[in-house]
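Remarks on the overall topology
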Amino acid sequence: MTAITRSVGLARRGRVAVLTVDNPPVNALSQHVRQGLRDGVKQAAADAEAAAIVLVCAGRTFIAGADITEFGKPLAEPGLHEVLDLIEGAPKPVVAAIHGTALGGGLEVALACHYRVAGKTARLGLPEVRLGLLPGAGGTQRLPRVVGVEKALAMIVGGDPIGASEALKDGLVDEIVDGDLTAAAMAFAEKIVAERRPLKKIRDLDEKLAAARGKPEVFASFRKSVARQTRGFRAPERCIQCVEAAVNLPFDRGIERERELFLDVLSSPESKAQRYFFFAEREAAKIPDVPADTPVREIRAAAVIGAGTMGGGIAMNFANVGIPVTVVEVAREALDRGLAVVRKNYETTAAKGRLTSQDVEKRLGLIRGTTEFAAIADADIVVEAVFEEMPIKKQVFARLDAVAKADALLATNTSTLDVDEIASATARPESVIGMHFFSPANVMRLVEVVRAAKTSKTAVATAMSASRRIQKVPVLVGVCFGFVGNRMLEERGREADKLVLEGALPQQIDKVLYDFGFPMGPFAMHDLAGLDVSWRIRKGLGKKSAVADRLCELGRFGQKTGAGYYRYGADRAAAPDPEVERIILEASSRLGIERRPIADDEILARLLYPMVNEGAKILDEKIAIRASDIDVIWVYGYGWPMYRGGPMFWADQVGLRTIRDKLLEWQKHEGAVWKPAPRLERLVAEGKGFVQS
Ligand code: 3H9
C-alpha cells in the first residue's frame, strides 16, 4: 500500500483501487484524511489499470464524521466539499465499504460515492444536530434524494442512526455483505464494472423530492411534531430549512443554502456549548486514579431492594438490557403493587408503539419479585432503594453483607445519606458504593456514582461500567449532603422561596427558568415530585418553609392531590391559583417583608449564581473531579438546557467577574451566604474560567 498521507493509503488489488483511511480512534475527517482522500481518488482515477475504487476504513469504524476538534479553527485545505465533488465526479465507480458507524461527514462521504455496501452491524446517520450543527457537506441535499423527505427529516433533526437492514430497505446502501468487508466490496465493485452499471450520482435524483414538492404541510406537520423536544435549540429549525431547500432549489443552490446555514450554526453559542458538552460527557468517564484497564466485575444478574417507584424504575433498567433482576420487598402487597407499576410503565411505552408486546413480556420475564432476602445470593450487583432513613439502610446493608456473593457490588440509591456510614454496616466497605438514580429512574440518564472512603477501585470501575451497560451516564462524585446535583439544587430552592416572599410569584419564577430552557421551574417541579416529600424531610431536620408548610397543612401536595403551588385540571395543566397568592402575601406580611416587583433578570441571577458558587465549593472540596462533570450532572439529571452547556460552562460565558461582583454586592446586604467560594475568587484573579482552569 502506498501512503498518500499519514492516515490514507492506496493499493491496487487486481482491477480495483483500494483507498484505506486509518485515523484512529474513529477515522474522523481531519485535514490529512481529506487531503489523502482527494489525492488518493485523483491517483486512482488516473490509474489506467484500476476500473473501480473501493473506499474502506481500518479499525473499529467507517468515518464517524468531521474532526470536531477542528471546528472553531481556520479551515485547513482541502475543504470537504472539494473532496466530495471529486469523488462524485470520478470517472470510475467509487464504492464505500461501511462497517461500524458512518456518521455525519462520514455518511456524507459515502453519499458522494456511487455505491455503498455495508456490514450487517453497520449504522448510518447524520447526528450533527446533537452538536448544535447541521450536515454541512451535502448531507441535507443528498439524503432526502435517497430516503425521501420525511425519513430524511427524521434522521437529520432526530440525529439517531439507522441500522444496515433499514438502510438497505431505504436504498441508502446497495448491498449488505458478510465476511471480509474489503473483499466483499471489491467483489461488488467488479460486478458493477462487469455489468457496466452507471455511475449513480445522488445529486441527479429527483423522484423522492418531487413527492414533497408543493406540499408545505409536510414541513409544517414535522415542525409541530418536534416542537417540544427542540425548544430553544438553534440547529433543528435550520436542518429543516436545508431539507426545504433540497425540495425547492436545484442541487447546487441547495448546497449553497446548506453552507450558509451551516456557518450560521457553527458560529452559534448553542453549538459551542453542545460541542463542549460532547467532550464533557466523554471526559466524565475518565477517573484519574482508576485507569481504563481496572478490572471490573462482570454483571450477569442484578438485584434491587425495594419495589417502590425508584426500585421499580431501577429494575427496569437492568431488564431493558437483558440482565435478569430480582426485586426484593418486605411485604407481598407492596411487591405486587410495585411490579404492577412496572408492568403499567412497559404497557404505556408499548401503547406508544415504542415496544412490541413480546418485548414487554420478555422484559417482565426478566424481573422476578420475591419477599425472600436470600434470593439475592446470585446477584453480581445489588442496588438498595428503600426508605431514606439511616437505620433502615444500615439494617439492609447488614443483611446484604450476610447473604450477597463475596464479590458482589453493593450499591445504595441514597440521595442524601452518608455512604461511609451505610458502608460501615458491612464487613466489606470496599464493595459499597452509592448509585444515585434520578426519578423516573427508567427514563433519566444520570447516575451519580458516589465513592465512599473505603470504596475499592474495582467497585468504582464496576459501578461506572454497569451504569453505562444499562445506558446511563455515570458521573463520579464524593460523599457530602446532597452530593453534587441536589446540593446545588438546594441553593436554587432557597432563593426561589425567598423570591416568593419578597415579591415574585411561583408562575413568574417558573417562567423565567422555563424560558431559560429548563423543562420546568422549581415550583412546578415541587408539584410534580410531591410537596409532602420535602415536608417530611424538613420536619425531620427541624426546618420550616413559610409557604410550602402552609400548602401541605392544607393537603395541597402537588399534582397528585390536584393542587400545590398550582391548581390542576383534568388534563393536568397547571393554572395559577389566587388561593396560593393569598397564602404568599400573608406569609410575606407575617414575616414583615415588604413586597416589591422583581425583574426577570434578577430572578435568573438569584437562582443560578448561588448554584455556580456552590459548584465552585464542590470543586474546592474535591466532591466532583472537574467542572465539566458538574455540567454533565445538571444536563442529564435536572434538565439544564444542553445548548447552554451546564452551569459551570454557562458561568464562564456570563463572566466569572460579573458573577463574583454580584455575589459580593448581595453579601453586603445579606451576609455570608453569598460569600464567593475561594475557587471563584482565584479564577477571577487569574482571569480564567471553570472549564479551562
Ligand atoms: C460533522 O461531521 C460535520 C459535517 O457534516 C460537515 C463538515 C463540513 N471528532 O464516543 P467515544 C473521539 S460533525 C473528533 O468514546 P464510542 C472522542 O472524543 C461530526 N474526535 O467512542 C473519544 O476521544 P477520547 C458528526 C472524536 O465507541 C474517542 O473519539 N459526527 C469524534 O463510544 C472515542 O469516542 C458525530 O457527531 C469526532 N467526530 O462511540 C459522531 N468522534 O478517547 C461523534 C469521537 O480521547 N462521535 N471522537 O475520549 C460519536 O458519536 C461516537 O464517538 C462514536 C463512537 C459513535 C463514533
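Just above sits the structure.
Think of each chain on its own: its residues are numbered from 1, step by step along the sequence as written. Residues qualify for local features only when their pLDDT is at least 70, as the model is predicted, and side-chain atom pairs are given and counted only at 80 or more; totals for whole chains, interfaces and linings, by contrast, use all residues. For the side-chain quantities, the full set of heavy atoms in the structure was used; hydrogens and water were omitted.

A word on the overall build of the protein
The secondary structure listing takes helices from DSSP runs of H or I that are at least 4 residues long and strands from runs of E that are at least 2 residues long, numbered from the N terminus. Each helix and strand in the protein was counted, giving 29 helices and 20 strands. This radius of gyration counts C-alpha atoms alone. The globule rule is 2.2 Å times how many residues there are, raised to the power 0.38. Taken over C-alpha atoms, the radius of gyration comes to 28 Å for the protein, in line with the 26 Å a tight globule of 693 residues would show. Taking the intrachain contacts of the protein between residues at least 6 apart in sequence as the baseline, contacts between residues at least 24 apart amount to 72%. In the structure as shown, the protein presents an accessible area of about 29,800 Å², 54% of it carried by carbon and sulfur atoms. Each charge class in the protein was averaged separately, 95 positive and 89 negative side chains, and the resulting centres sit 1 Å apart. Contacts are residue-level and defined by heavy atoms, with any inter-residue pair within 4.5 Å sufficient. All accessible-area figures derive from a Shrake-Rupley calculation using a 1.4 Å probe, and residue coverage is judged against the displayed protein chains alone. By the counting scheme adopted, Arg and Lys are positive, Glu and Asp are negative, and His together with the chain ends is not counted. Charge positions come from single atoms, namely NZ of Lys, CZ of Arg, CG of Asp or CD of Glu.

Re the packing of aromatic side chains
A pair of Phe, Tyr and Trp rings is counted when the ring centres sit within 6.5 Å of each other, with Trp represented by its six-membered ring. The angle between the planes then sorts it: under 30 degrees is stacked, over 60 is edge-to-face, the rest tilted. Counting across every chain of the model gives 19 aromatic pairs. Note on criteria: charge over ring means Lys NZ or Arg CZ within 6 Å of the ring centre, with the direction from the centre no more than 35 degrees off the ring normal. For the cation-ring pair, R494 lies above W674, with the distance from its terminal atom to the ring centre recorded as 5.8 Å.

Description of the packing of helix α22 (residues 531-541) against helix α23 (residues 546-553)
Two numbers describe a pair of packed helices, the interaxial angle and the distance between the axes. Axis lines are fitted through C-alpha atoms, for helices just across the contact stretch, and the angle between N-to-C directions can take any value from 0 to 180 degrees. Direction vectors running N to C along α22 and α23 enclose 115°, while the axes themselves pass 10 Å from each other. Crossing handedness for the pair α22 and α23: left-handed. In contact with L531, D532, W535 and R538 of α22, α23 contributes A548, D549, L551, C552 and E553. Ten residues, namely Ala, Val, Leu, Ile, Met, Phe, Trp, Tyr, Cys and Pro, are considered nonpolar, four, namely Asp, Glu, Lys and Arg, are considered charged, and the remaining ones, Gly among them, are considered polar. Broken down by class, the residue content of the contact of α22 with α23 amounts to five nonpolar, no polar and four charged. By convention, the crossing between two helices is left-handed when the near helix turns anticlockwise from the far helix through less than a right angle, and right-handed when the turn is clockwise.

Digging into the pairing of strand β11 (residues 302-305)
Exposure is judged per residue with a 1.4 Å probe applied to protein chains only, and the accessible area is read against the type maximum: over 50% gives exposed, under 20% gives buried, and values in between give partly exposed. Alternating positions in β11 separate into two faces, A302 and V304 on one and A303 and I305 on the other, with burial throughout. Here, a strand pair is defined by DSSP locating no fewer than two bridges between the strands. Looking at chain direction, β11 and strand β12 (residues 325-328) are connected through four bridges and run parallel. Its bridge partner being in β12, A303 is matched across the sheet by T326. By the criterion used throughout, a crossover qualifies as right-handed when its path from the first strand across the helix to the second strand runs clockwise, the strands pointing away from the viewer. Once you follow β11 into helix α13 (residues 309-320) and on to β12, the crossover reads as right-handed.

Structural notes on the environment of E82
Here E82 shows up in helix α2 (residues 80-88). What makes E82 partly exposed here is its relative accessible area of 34%. In sequence terms E82 and G171 are 89 residues apart; their C-alpha atoms lie 25 Å from each other. Excluding its chain neighbours within four sequence positions, the residues that come into contact with E82 are R38 and E77.

Considerations on the site of the ligand
We call a residue near a molecule or strand as soon as one heavy atom of that residue lies within 4 Å of the molecule or strand. Taken together, 24 residues lie near the ligand, and A66, E108, E128, R282 and K286 sit nearest. The term polar contact refers here to a pair of N or O atoms within 3.5 Å; inside protein, the definition further demands a hydrogen-donor-capable atom paired with an acceptor-capable atom, and it admits residues adjacent in sequence only when both atoms are side-chain atoms. Interatomic distance of 3.2 Å between a side-chain N/O atom of R60 and an oxygen atom of the ligand. Between a nitrogen atom of the ligand and a main-chain N or O atom of A64, the distance comes to 2.9 Å. With the chains in place, 72% of the 1,000 Å² that the ligand exposes on its own is no longer accessible. Among the secondary structure elements, those contributing two or more residues to the shell around the ligand are β6 (101-103), α3 (105-112) and α12 (269-283). Counting residues per element, the shell around the ligand draws most heavily on α12, at three residues.

Notes on the nonpolar core
As used here, the term nonpolar core means buried Ala, Val, Leu, Ile, Met, Phe, Trp, Tyr and Cys residues forming a set that is joined through side-chain atoms within 4.5 Å. Core analysis: the largest hydrophobic core is formed by 99 residues, its most contacted members being W634 and F690. With sequence-adjacent residues up to four places away left out, F690 is seen in contact with V612, A616, L619, A627, M648, A651, D652, L656, R679, L680 and L683. With 72 residues, the next largest nonpolar core counts L29, A110, L153 and V173 among its residues.

Notes on α2
Of all the positions in α2, only L80, V83, L84, I87 and E88 are classed as buried. Projected down its long axis, α2 shows its buried positions confined to an angular sector of 130°, all on one face. Among the structural elements, α1 (31-46), β5 (94-98), α3 and α4 (139-147) are those in contact with the buried residues of α2. Here the arc refers to the directions that run from the helix axis out to each C-beta atom.

A closer look at the pairing of strand β17 (residues 446-451)
Counting buried positions along β17 gives five out of six residues, so the element sits mostly inside the fold. With four bridges joining them, strand β16 (residues 432-437) and β17 adopt antiparallel strand pairing. In the strand pairing of β17, M435 is matched with V449. Summarising the sheet, β17 and strand β18 (residues 473-478) pair through six bridges and their orientation is parallel. For R451, the partnering residue across the bridge sits in β18 and is G478. This β-α-β element, β17 to helix α18 (residues 457-469) to β18, shows right-handed connectivity.

Quick look at the sheet that holds β5
Strand order in the open sheet formed by seven strands is β1-β2-β3-β4-β5-β7-β10, with mixed pairing between adjacent strands. The sheet is open, and its two edges are formed by β1 (2-3) and β10 (175-177), each paired on a single side. Across six bridges, strand β2 (residues 8-13) lies against strand β3 (residues 16-21) in antiparallel orientation. Counterpart to G9 in the pairing with β3 is T20.

Digging into the sheet that holds strand β15 (residues 409-412)
Across the sheet, eight strands lie side by side as β13-β12-β11-β14-β15-β16-β17-β18; this open sheet has mixed pairing. Each end of this open sheet is capped by a strand with a single partner; those strands are β13 (367-370) and β18. Recorded for the sheet is a direction-independent mean angle of 25° between the axes of neighbouring strands. One ladder, built from three bridges, connects β15 with β16; its direction is parallel. Pairing of L410 across the sheet is with V432, part of β16. Lying on the sheet, α18 is in contact with β14 (381-384), β15, β16, β17 and β18; it crosses β17 at an angle near 175°.

Details of the packing of α3 against α4
Contact pair α3 / α4: the axes reach a minimum separation of 10 Å and the direction vectors enclose 60°. Classified by the interaxial angle, the pair formed by α3 and α4 is oblique. In the crossing of α3 with α4, the sense of the turn from one axis to the other is left-handed. Contacts from E108, L111 and A112 of α3 reach α4 at G139, R142, L143 and V146. The scheme is simple: roughly parallel for angles under 35 degrees, roughly antiparallel for over 145, roughly perpendicular for 65 to 115, oblique for anything else.

Some thoughts on the pattern of salt bridges
Think of a salt bridge as a Lys or Arg side-chain nitrogen and an Asp or Glu carboxyl oxygen that are within 4 Å of each other. Going through the model one piece at a time under the given rule, you end up with 60 salt bridges. In this structure, the salt-bridge partner of R487 is E621, at a minimum N-O distance of 2.9 Å. With R487 in helix α19 (residues 485-502) and E621 in the loop between α25 (600-620) and α26 (627-638), this residue pair connects regions lying 134 residues apart in the sequence. A relative accessible area of 12% means that R487 is categorised as buried. Where salt bridges share partners, they join E491, R494, E495, K498, E502, R596, E602, R606 and E670 into one cluster.

Focus: unusual backbone geometry
Put simply, P24 and P25 share a cis peptide bond, and its omega is 5°. Omega for the bond connecting E77 with P78 falls within 30 degrees of zero, at 0°, which places this linkage in the cis form. Secondary-structure assignment places P78 in the loop between β4 (52-57) and α2. Unlike most non-glycine residues, F483 shows phi in positive territory, near 50°.

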